[in-house]
Amino acid sequence: MAAGPRPVENGFPGGLRAPLAVVGAALALLVAWCVIGLPAAGRSGGPQVVAQSQELLVNDLARAAADSIGDVAGDLSTAGALYTVHPDPSPAGTLAAFTRSTPQALGLALVHRTTGALLAGTGAPVPVESLPSKDVDRITVNLVRDQSGAAVVLTTAPLPGTQWLVLVTTGLKIPATTLSGEPAAALLLTTSDGTVVKSRGSFDPKYQGLVTRASANAATDAGSVVGDESAGPVVDGARTTPIAVYAPILTGDPARPLGLNLVLVGSAPAHGAEQTPVETAWVAATLTAAVLITLVLLGFGFVRPLRRLRGEALGGHHRRRYRLREATIISAALRNEIIPVRRGWFSARVLVIAAIAPLLVCSAVIGVVARETVPTVPDLVVPGERSLAEVTAGALRDQLSATLSDLRTFATRANADVSSLKPALDNLIAQNNRYRSVYVADAAGTVQVTAGRAPLRTAERPPAGSGLHQQNTAGRIPVLYASTPLPDHTHVLIGELDVTKLSSILRRSAGNGKLVDSGLRTLASADGYRAFDMLTDQALRQSVTDALGGVGRPGTDQIDGEWYVVAAATVTGSPSTDPLRWTVVLQQPLTTLPLPDNLVRRYVLFAALAAGAAALLLLGWYHLCFVRPLRRLAAAALVLAQGDVKTVIYPERLNEIGTLSQCLDAARRQRTPTAVPSVPMLV
C-alpha cells in the first residue's frame, strides 16, 4: 500500500482472537470438569442412593400420620356444629355427644375456658395442665405428655355459644408399611431432641446419635443422613452403613410443625457400584476432539489469514496467497490488481459454520446417547417402589374409611328434622376437603338438603346399609360416594368424594400414580387423565392383576419407549374398602430415581448443553462481529476494483476488520485523481 496516514490498529480487545480466548478457556474448563467430575459422580452411590430412594416413602408416611391427627380435629368441628343443632345444657350430656363423635379418643374432658375448671371427663385422664393456653377460639393440636409420661396428641376445640372447651387426647400411630430389614430396620416417632416416643421395629441403641441428628434436621425439612461407613450390621457377609431418613409431621392449615418427626433407621451397602451407563471416558475424549477441531479451524482458517492480511495492508508483511475468498478480494483491491478467479476458495461464512459444526454435532451426539441410555437400578430400589405404592394405597384407604366414619358419626346426632342439618352439613364440607358435596336424600334418592357443589350422583334408590360405592363406570367424572342411613330409617346421608382430593394423594409420590377399579378403569390420577381410561399397557395391567391376586411384583418395564419402575398395591385392609377392589399403580421413570447413573447422565447432558451453547456463542460472535462486516468490506473492495473511487469506505468496528476498512479507504483516496491548478499565462 502506498504511503499515507497510518490507520488505527487498536480496536476491540483481542479482536479476532478474543472469542477464541474466552470461549476456548470455557471449553477447556468444561473438558477438565468432564475428565475429573464425571468419574467421581459415577462412583457416588451406596448409602446415599438407598437413603434418597427412601425419602419419598418416609415423607408419604409422615403425611399419612398428619392426616390421621387432623381427622380428629375435623371430627371435633363436625361434632361442634351438630351440638349447635341439638345443644345439651349439661356438661355430662355434652361430653357424651362428643364421645360418640371421636371413637379414636383415649380420653375426653370438658373444661371452663376462663377458670380452667374440669366440668366432665371420660376415658383416660386428660392432661389439662399441659394445654399451653385456655383462651382459644379455634381448634388447636399440640403434642403433650400424659400422667404416665407417654406422648399423646391433645386436640382442643371451643364449643360454640358457650365458655366450654372440649379436650381430646389420642395416641400416636405409625402408618403401616412393609419393613423388610433391607434397608429399613425401624420406624420411629421422635421429638426434635431425638427422644423416641413410639417405634415399630427395633434398632441398635448405638444409632441413637444418628437418630438425634435426623430429628434435629427434620425441624426444617425432610431428608436423610448417613452414618459412619461400614459401621452397620453384617448383611450377606459384608459390613453395611447405617442410614436415617426423616420427615417432619405437619398439621393444620396452613401446615405447621407439631414437634414430632418420623424417622426411618436402617442400613445400606457401604459401597455402591462404580459402573455407569454413560462411559465418561468417551464423552471427555469426544468433547476434547471437537473442541480442538473447532479451535484449530477457526484459528488457522479464519483468524490467522485475516491478521496476516491486516499486516500486509499495514506494510508489515509480504504478499501472501489466501484461500479465504474475502481475503483474496481485499488483498487484490489494496494493490489495485485484477481480482483472480480461482477454484478452491471458500467464503468466511462457510468456514465459520464448518468450524463450529464439529462442536455442535458432538453436543447433539452426546446428548442423544445420554438421553437414550437406560440407567442401572440397584435391587434395593425396586422394592422401595412397592412400599411407596403400599403407603399411597394406605393413605387412600384411611381417607375412604374416615369418610364413612364421618357420616356414621354425623348420623348418630341427626333427627327427623333434616332441614335443621344444613349448618352442620356446611361445617362438614368446610372441615373436610375430601368431599365435593354432602346431602340428605329420601328413600327414593331425591335430595332434601345439600351442602357443597351440586350432586353428581344420579337420583336412584340409595344402597341399603352403610358403605362406600362407585355408581358409574363411564362418563365425564367418576361418581364415588359413601352413604349411611339416618336414625329415622327414611333418609340417607350421602357424601360424594372429590376426585381431585384423591388425585392429590397420588400426587405425593414421584412419577405417575393411578387409582383403578377392578375393571382396570382409571378413577383418579396424579397427572391429567380422562375418567375411566383403560390401562392399555401390559406391564401395568399385569401389575394390577398380581396385586389383586395378593402377589405384589414390582419391577422395571418399558412403557411407550421409556423405562419405568412399576408397582401396585390394593386399597384393602378395612371392611369398608375391601368390596371396592380398587388398586393403586405407580410408574416412576428410571431417569428420575436418585441413582449414580442418573447423576452421571445429568452431568453428561449438562456438558452437552454447555458445549452446544459455547458453539452457538462462537457462531453468533464471529458471524455478527467479523463475518458480516468482512463480507460487506469484500463487496466494497469489488466496487473499488471496478473503478468506483468516490464511495467512501467506513470502518464498522474497531478491530482487524476496521483496520482493513481504513487501509482500503486510504487506497481509494490515493487513486482519486486531483485537479491540477491552472497557471495564468504571462503575456
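Residue indices begin from 1 for each chain and proceed along its sequence in written order. For a predicted model such as this one, the threshold for reporting local features is a pLDDT of at least 70, and the threshold for listing and counting side-chain atom pairs is 80 or more; totals across whole chains, interfaces and linings nevertheless cover every residue. To obtain the side-chain values, all non-hydrogen atoms of the structure were included, while hydrogens and water were left out.

This paragraph deals with the packing of aromatic side chains. Ring geometry is summarised as follows: Phe, Tyr and Trp rings, the Trp one being its six-membered ring, pair when their centres sit within 6.5 Å, and such pairs are stacked at plane angles under 30 degrees, edge-to-face over 60 and tilted between the two. This model, assessed by the stated rule, comprises two aromatic pairs. Arranged with centres 5.7 Å apart and planes meeting at 90 degrees, the rings of F302 and Y622 form a pair that is edge-to-face. Within this pair, whereas F302 is found in helix α5 (residues 280–313), its partner Y622 is found in helix α12 (residues 596–641), the two being separated by 320 residues in sequence. In terms of burial, F302 and Y622 fall into one category: buried. By way of ring pairs, the aromatic residues F302, Y622 and F626 are connected into one cluster. Over the face of the ring belonging to Y481 we find R457, whose NZ or CZ atom lies 5.2 Å from the ring centre. A run of DSSP states H or I qualifies as a helix once it reaches four residues; a run of E qualifies as a strand once it reaches two. Both are numbered from the N-terminal end. Burial status follows relative accessibility: with a 1.4 Å probe on protein chains alone, a residue under 20% of its type maximum counts as buried, one over 50% as exposed, and anything between as partly exposed. Geometrically, a charge over a ring is one whose NZ (Lys) or CZ (Arg) sits within 6 Å of the ring centre while staying within 35 degrees of the ring normal.

Its place among the elements puts T403 in helix α8 (residues 381–413). By relative accessible area, which is 0% here, T403 ends up buried. Whether two residues touch is decided by their heavy atoms; if any such pair falls within 4.5 Å, the residues are in contact. Not counting residues within four places of it along the chain, the set of residues in contact with T403 comprises R434, Y435, A482 and L497.

Following DSSP output, two strands are said to pair if at least two bridges run between them. Read from one edge of the open sheet, five strands run β18-β17-β21-β20-β19, paired in antiparallel fashion. With one partner strand each, in any of the chains shown, β18 (522–525) and β19 (555–559) form the two edges of the open sheet. On average, each strand axis in the sheet is tilted by 30 degrees relative to the strand beside it, whichever way the strands run. Taken together, the five bridges between β19 and strand β20 (residues 562–570) define a ladder with antiparallel strand orientation. Within β20, the position partnered with Q558 by the bridge is W563. Lines fitted to C-alpha atoms define the axes, with helix axes restricted to the stretch in contact, and inter-axis angles between N-to-C directions lie between 0 and 180 degrees.

This next bit is on the pattern of salt bridges. Side-chain pairs of opposite charge can arise whenever the charged atoms involved come near each other. Put simply, a salt bridge is a Lys or Arg side-chain nitrogen that is within 4 Å of an Asp or Glu carboxyl oxygen. One pass over the full model with this rule turns up 13 salt bridges. Between R453 and D498 there is a salt bridge, with the nearest N and O atoms lying 3.1 Å from each other. Taken together, the positions of R453 in the loop between β13 (447–452) and β14 (467–470) and D498 in the loop between β16 (491–497) and α10 (499–506) put the pair 45 residues apart, joining distant regions of the chain. For R453, a relative accessible area of 42% gives the class partly exposed. With a relative accessible area of 14%, D498 lands in the buried category. A salt bridge links R668 to D665; the shortest N-O distance between them is 2.9 Å. Of this pair, R668 and D665 both sit in helix α13 (residues 656–671), three residues apart, which is roughly one turn of the helix. Residues R668 and D665 agree in their burial class; the two are buried. Overlapping salt bridges bring together R325, E326 and R631 as one network.

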